[in-house]
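So you can see what is in the structure, the chains are spelled out below.
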Amino acid sequence: MFWTDKIADDIKEKYATQIARGDALIVRDEKTASGRVHIGSMRGVVIHNAVAEVLKEKGVNTKFLYEINDFDPMDGIPTYLNQEEYRKYLGVPLKYIPAPDGISENFAEQYANEFKAVIENAGFDAEFYRASELYETGKMNEVIEKALNNAEKIRAIYKEVSGSEKPEGWLPIHMICEKCGNVLTTKTVGWDGSEVQYVCEEKEGVGGAVGCGHEGSRSPFDGGAELPWKVEWPAKWAVVGVDVEGAGKDHSTKGGARDVANNIAKKVFDYNPPYDIPYEFFLVGGAKMSSSKGKGSSSADVASLLPTHIFRLALLGTRPMRAINFDLDGATIPALFDRYDTIAEKYWNGEEDDDARLFELIHKRSVPERYYRMRFSQVAFISQMPHMDIMKEAEGEKSDALTQQEKDDLNERVEYARAWLEKYAPERYVFELQRGDSTTEFSALQKDAFARIAKYIQEHSALVGEELHHFVHSIQKEGEIDAKELFSGIYQLFLGRDSGPQVGWFLSVLPREYLLERLQGVSN
Ligand SMILES: [Zn+2]
């Protein structure tokens, strides 16, 4: 069974009573808009969205809410921003920091909009809301009061579950300094049931934030304070009424944030923790890169390398507890296109396995009819051969004229292949036809093979890839030359390297005069 179906069935069982009543199931995820959003954050969006979609498909009233956390303070300056300019905002809630582009409403909105565009362009949807809305409209007041009145209990849970010790008198609240707006520098002193007393410490604190020295007392309600995140997490579940919420597996270890949050939910907020979907990382280039590193691995950067259906395949095609390793410099992109072609065939052949189901989900159930596609690696190769007309090659391969959809798909593949070749493709995919004298010393056996291929070409007015392929193999089977020596000789002669595309097809698409000139130039 496909992973989304299995999880959805599990959820249906857990919430059978609620579903029977017709109450909506709330699926939630969130992201702090502290800079360009790393592609890894798409994993959470996709898992939650896919599960919500499948629940809806199964007739369950479901809502997927995505929180843009704009109330968290800036706890580090992204490397791509002017460090001096932003230092003064360290510790200030993201919503109150000006947007770097000078246009967006605030810092959080700029990056949230970039991420939202990626989510929407990839065909995933969610109802977005802001953390600041929860705080500033007073929706968080009740849980804040509960947390403050249960400070001792929370302190005990921290210690018992995660082993983390908080000092005596510690309060589970981060006050926003009325004077300088900082939330990371305030040390709480007391809670009198309506206001929290605090000192905005002047020494350098968390994330390099420095306070103003103000000593004050203010209400923690209506946006005057933020809860520490292990308390805030379950508090939001209770306020929003969350039923399903997964998280990265780093939070899901025993004694980890999830464990603490679950305990606080039950013991302080009297709320049943949501159904959990732990998931693995989405790695780019083999290493988990943080949002602050920015360039190259942001969701917008990675999404721009793939057409929507392939991006959806990359995200939906791996079950949650398997890491996705997106190696931009390697063969990830051609492999994804190949996988798409494979699962498409399975679906069109009427198979009913996980791959066919995946194909259906990629297309949100408006699945295309069978159409011709040229393999991505072939597209990448042809697009580097100035003498070749890719449309003609495609018609030749299909043995028929292309439909409009096939032309569009091919043009799209050309566009993405070019971008990939330009920015990331490994050497083995980059080809340049050799001109002039070859620098390679060819063996007598190789020269003999070249002469035989030249003769074959002269005897055949039209070269058919498959036939030529058989002919080249027959040289190796009949003669003394071994396969490696034969093929590396051919690739060296034409590409100046030891490997290349399938040899018969490759030779058949090169101009005849060019083939003869090189083959005879060496063998004579
Ligand atoms: Zn201050």
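All values derive from a computational prediction rather than experimental measurement.

Draft legend 1. Inspection of the pattern of salt bridges at higher detail. Counted under the stated rule, the structure contains 35 salt bridges. Ionic pairing is found between K236 and E30, a salt bridge with its closest N-O pair at 3.2 Å. In this pair, K236 sits in helix 9 (residues 229-240) while E30 sits in strand 1 (residues 25-32), placing the two residues 206 residues apart along the sequence. The class of E30 is partly exposed, set by a relative accessible area of 23%. K249 is paired through a salt bridge with E280; the nearest N and O atoms lie 2.9 Å apart. Taken together, the positions of K249 in the loop between strand 9 (247-248) and helix 10 (257-267) and E280 in the loop between strand 10 (278-279) and strand 11 (282-284) put the pair 31 residues apart, joining distant regions of the chain.

Draft legend 2. Focus on helix 17 (residues 404-423). For helix 17, which comprises 20 residues, the first-to-last C-alpha distance of 29 Å matches the rise-based estimate of 28 Å (1.5 Å per residue) to within 8%. Considered for burial, the residues of helix 17 that qualify are E406, D409, L410, R413, V414, Y416, A417, W420 and L421.

Draft legend 3. Here's a closer look at the nonpolar core. By size, the foremost hydrophobic cluster in this structure holds 129 residues, and its most contacted members are M42, F494 and L507. Considering every element that reaches this core, the biggest residue donor is helix 3 (residues 41-57), with nine residues. Judged by nonpolar contacts, the second largest core, of 46 residues, contains I173, V196, W233 and Y271.

Draft legend 4. Representation of the pairing of strand 6 (residues 196-200) in the model. Of the two faces of strand 6, only one is covered, namely that formed by V196, Y198 and C200; the face formed by Q197 and V199 stays uncovered. Two strands pair when backbone bridges link them, and strand 5 (residues 186-191) and strand 6 are joined in this way by five bridges, in the antiparallel orientation. Bridge pairing links K187 to V199 in strand 6. Hairpin connection from strand 5 to strand 6: four residues lie between these consecutive antiparallel strands, with G193 at a positive phi of about 95°.

Draft legend 5. Highlighting the sheet that holds strand 1. Read across the open sheet, the three strands follow the order 1-2-3; overall the sheet is parallel. In the strand order of this sheet, the two ends are held by strand 1 and strand 3 (127-130), each with one partner. When strand polarity is set aside, the average angle formed by the axes of neighbouring strands in this sheet is 25°. Summarising the sheet, strand 2 (residues 62-69) and strand 3 pair through four bridges and their orientation is parallel. Bridged to E67 within strand 3 is Y129. In the packing of helix 3 onto the sheet, contacts are made with strand 1 and strand 2, and the angle to strand 2 comes to roughly 160°. Helix 9 rests against strand 1, strand 2 and strand 3 of the sheet, and its axis sits at about 140° to strand 1.

Draft legend 6. Just the coordination of the zinc ion, in detail. Looking at the zinc ion, one finds its protein donor set to be C177 (SG), C180 (SG), C200 (SG) and C212 (SG), positioned 2.2 to 2.3 Å from the metal centre. Spacing between the donor residues of the zinc ion along the chain follows C-x2-C-x19-C-x11-C. In this pair, C177 is assigned in the loop between strand 4 (174-175) and strand 5 and C200 in strand 6, connecting sequence segments 23 residues apart. Per residue, the accessibility class of C177 equals that of C200, and both read buried.

Draft legend 7. The arrangement of the domain arrangement of the protein chain in detail. In terms of domain boundaries, the protein chain breaks down into domain 1 (3-131 + 230-282), domain 2 (142-226), domain 3 (340-431) and domain 4 (444-523). A straight line from the C-alpha centre of domain 3 to that of domain 4 covers 27 Å. Across the contact, eleven residues belong to domain 3 and ten residues belong to domain 4. Summed over both partners, the interface of domain 3 with domain 4 comes to about 730 Å²; 73% of that surface belongs to carbon and sulfur atoms. Its largest share of buried area at the contact with domain 4, domain 3 owes to F381, H387 and F431, together 57% of the area lost on that side. Across the domain 3-domain 4 interface, the total number found is zero salt bridges. Linking domain 3 with domain 4 are three residue pairs in polar contact (both at pLDDT 80 or more). Broken down by element, the residue count for the side of domain 3 that touches domain 4 peaks at three residues, all from helix 15 (residues 376-382).

About the cut-offs
Residues numbered from 1 in each chain as written. Predicted model: local features only at pLDDT ≥ 70, side-chain atom pairs only at ≥ 80, totals over all residues. Heavy atoms only, no water. Salt bridge = Lys/Arg side-chain N within 4 Å of Asp/Glu carboxyl O. Helix = DSSP H or I, 4+ residues; strand = E, 2+ residues; numbered from the N terminus. Buried < 20%, exposed > 50% of the residue type's maximum accessible area, 1.4 Å probe, protein only. Expected span 1.5 Å × (residues − 1). Core = buried A, V, L, I, M, F, W, Y, C linked by side-chain atoms within 4.5 Å. Pairing = 2+ DSSP bridges. Axes fitted to C-alpha atoms, helices over the stretch in contact; angles between N-to-C directions. Contact = heavy atoms within 4.5 Å. Donors = N, O, S within 2.8 Å, 3.2 Å for Na, K, Ca; no water. Domains from an automatic or database assignment. Buried area = accessible area lost by both parts, 1.4 Å probe. Polar contact = N/O pair within 3.5 Å; in protein donor to acceptor, adjacent residues only side chain to side chain.

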